[in-house]
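In case you want the letters, here they are:
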Amino acid sequence: MRVVLVAFVLSFVLGGHHATAAAATTDTTPPSEAPMVTDNGFIPVDVNIGDCLSSMPRPGCGSANRSGYHQLITFGVLMAGTAFITWRVARSVRARDR
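Quantities reported herein were computed from a predicted structural model and do not represent experimental measurements.

Check the secondary structure of the chain and you find 4 helices and 0 strands. The N-to-C order of helical and strand elements in the chain reads α-α-α-α. Looking at the chain as a whole, 5% of its 98 residues qualify as buried.

This part is about the pattern of salt bridges. Counted by the stated rule, this structure contains 1 salt bridge. In this structure, the salt-bridge partner of D97 is R96, at a minimum N-O distance of 3.3 Å. Of the two residues examined, D97 and R96, each falls in the exposed class.

Moving on: the confidence of the model for the chain. Mean pLDDT over the chain: 76, with 62% of residues reaching 70 or higher. Looking at the elements of the chain, mean pLDDT is at its lowest for helix 2 (residues 17-24), recorded as 51, and at its highest for helix 4 (residues 69-97), recorded as 96.

Our focus in this paragraph is the packing of aromatic side chains. Evaluated as defined, the whole model comprises 1 aromatic pair. Between the aromatic rings of F84 and W87, the centroid separation amounts to 5.9 Å while the plane-to-plane angle is 40°, which identifies the pairing as tilted. One end of the pair is F84 and the other is W87, both in helix 4 and 3 residues apart, which spans about a single turn.

Cut-offs applied
- Residues numbered from 1 in each chain as written.
- Predicted model: local features only at pLDDT ≥ 70, side-chain atom pairs only at ≥ 80, totals over all residues.
- Heavy atoms only, no water.
- Helix = DSSP H or I, 4+ residues; strand = E, 2+ residues; numbered from the N terminus.
- Buried < 20%, exposed > 50% of the residue type's maximum accessible area, 1.4 Å probe, protein only.
- Salt bridge = Lys/Arg side-chain N within 4 Å of Asp/Glu carboxyl O.
- pLDDT = per-residue confidence, 0-100.
- Phe/Tyr/Trp six-rings, centres within 6.5 Å; stacked < 30°, edge-to-face > 60°.

Structure below.
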């Protein structure tokens, strides 16, 4: 239980720096005159967008932004939760069968 709580707290502590850095920058351009942002870090610029937006993208459509430590922390928390639930079910079945 403590491991899950620590992982949960760490995900907020480590993941929270992106929001504070974005909030710290100030833009003096009024919203009506702000340029439209069309850059997407997940899709390369030199590739046809129709080839990359699918459940099975073609090779060359990936980028470095697709994964990182946030994804690994989420996977770890999910695996720890699954292991905990499995352990509790197995323990309850053994106690019931006694």
